[in-house]
Amino acid sequence: MAVGIVLVSHSPELASGLAALVAQVAGPDVPIEAAGGTSDGRLGTSDARVEEAITRADRGAGVVILGDLGSAILTVRHLLETNGNGHTRLVDAPFVEGAVAAAVTASCGATLDEVAQAAEDARGARKL
Amino acid sequence: MLASSEAQVTLPDGVALHARPAAIFVRTAMKYKARISVVANDREADAKSILSVLALGARAGTTLRVVAEGEDARDAVDALTTSVSNLTE
């Protein structure tokens, strides 16, 4: 089973839009879950939404989490400190490129380490 | 000395090397140990990096040059050229 990907954004639309893009590129075998906005749909992040997304994305091979900015990262870090189970990892990666690279790597049946590395390597990728 | 292999293949009508087709290409490349690059429009990409392949911006009808180095280079080039020929929209 593929490593799952969780996308944490302040914006529900940003998280779900990126999830749709990534799913189109990576195909149906990679669990991709969006956790955007607060529990009442405003801009912000929600511990509960992130936690639910991690649970849905976890099919046994681990979960890589990408966040958009500042407090989204803090929310995830806070959550993992209290609920970390050893195979859920927050990566330091650009949101869009990191998610695409991670998901395509996951779709090849790569390990959690490999998927996390692909996301973090995306920082050096040039667009031009 | 490492085996090396090389071949050209043209993207079919209506198929650009973006999104899903690019991912199919990269997934195929990842099955091999060889170091593989793909050249299009005078730009070179790492065939195992989706971001690198997407940055080629290769459109339908573009000729790709696939170059592999390593013990399974020949098989990798064969698999990749077949995979490109079979891409659909």
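Residues numbered from 1 in each chain as written. Chains lettered and ligands numbered in written order. Predicted model: local features only at pLDDT ≥ 70, side-chain atom pairs only at ≥ 80, totals over all residues.

Novice: So what exactly am I meant to see when it comes to the sheet that holds strand 2 (residues 35–40) of chain B here?
Specialist: Where strands meet in a sheet, backbone hydrogen bonds hold them as pairs that are either parallel or antiparallel. All names here are of chain B. As summarised here, the arrangement of the four strands in space is 1-4-2-3, forming an open sheet in which the pairing is antiparallel. Here the strands that pair on one side only, and so sit at the sheet edges, are strand 1 (4–10) and strand 3 (43–46). The sheet shows a mean angle of 20° between the axes of neighbouring strands, taken without regard to direction. Pairing of strand 2 with strand 4 (residues 63–69) involves five bridges; the strand directions are antiparallel. Within strand 4, the position partnered with Ile36 by the bridge is Ala68. Each of strand 1, strand 2 and strand 4 touches helix 3 (residues 73–85); the most contacted strand, strand 1, lies at about 5° to it. (Pairing = 2+ DSSP bridges. Helix = DSSP H or I, 4+ residues; strand = E, 2+ residues; numbered from the N terminus. Axes fitted to C-alpha atoms, helices over the stretch in contact; angles between N-to-C directions. Contact = placed C-beta atoms within 7 Å.)

Novice: Is there a simple way to think about the interface of chain A and chain B in this case?
Specialist: How big an interface is tends to be reported as the loss of accessible area on association of its parts. Between chain A and chain B, the residue contacts involve 14 residues of the former and ten residues of the latter. Breaking the side of chain A that touches chain B down by element, the ones donating at least two residues are helix 1 (12–26) and helix 4 (95–107) of chain A. Here the element with the most residues in the side of chain A that touches chain B is helix 4 of chain A; it accounts for five residues.

Novice: Whenever I open this one, the confidence of the model for chain B confuses me. Can you help?
Specialist: The predicted structure's coordinates, where accompanied by low pLDDT, should not be read in detail. Across chain B, pLDDT averages 95, with 99% of residues at or above 70. Here the complex is predicted with pTM 0.92, and the ipTM for its interfaces comes to 0.86. (pLDDT = per-residue confidence, 0-100.)

Novice: What should I look at first to understand the packing of helix 1 (residues 19–30) of chain B against helix 3 of chain B in this one?
Specialist: The relative placement of two packed helices comes down to the angle between their axes together with the axis-to-axis distance. Residues and elements named next belong to chain B. The N-to-C vectors of helix 1 and helix 3 enclose an angle of 165°; their axes lie 9 Å apart at closest approach. In terms of axis orientation, helix 1 runs roughly antiparallel to helix 3. The crossing of helix 1 and helix 3 is right-handed. Here helix 1 contributes Ile24, Phe25, Thr28 and Ala29 to the contact with helix 3, which in turn contributes Ala76, Ala79, Leu80, Ser83 and Val84. Residue composition of the contact of helix 1 with helix 3, grouped by class: seven nonpolar, two polar and no charged. (Parallel < 35°, antiparallel > 145°, perpendicular 65-115°, else oblique. Left-handed = near helix turned anticlockwise from the far one by under 90°. Nonpolar A, V, L, I, M, F, W, Y, C, P; charged D, E, K, R; others polar.)

Novice: For this particular structure, what's the right way to read helix 2 (residues 47–57) of chain A?
Specialist: For an α-helix, the turn length of 3.6 residues means that residues three or four places apart are oriented alike. What helix 2 of chain A keeps buried is the set Arg49, Val50, Ala53, Ile54 and Ala57 of chain A. An end-on view of helix 2 of chain A places all buried positions within 135° of arc, on one side of the element. (Buried ≥ 20, exposed ≤ 12 C-beta atoms within 10 Å, placed from the backbone. Arc of directions from axis to C-beta.)

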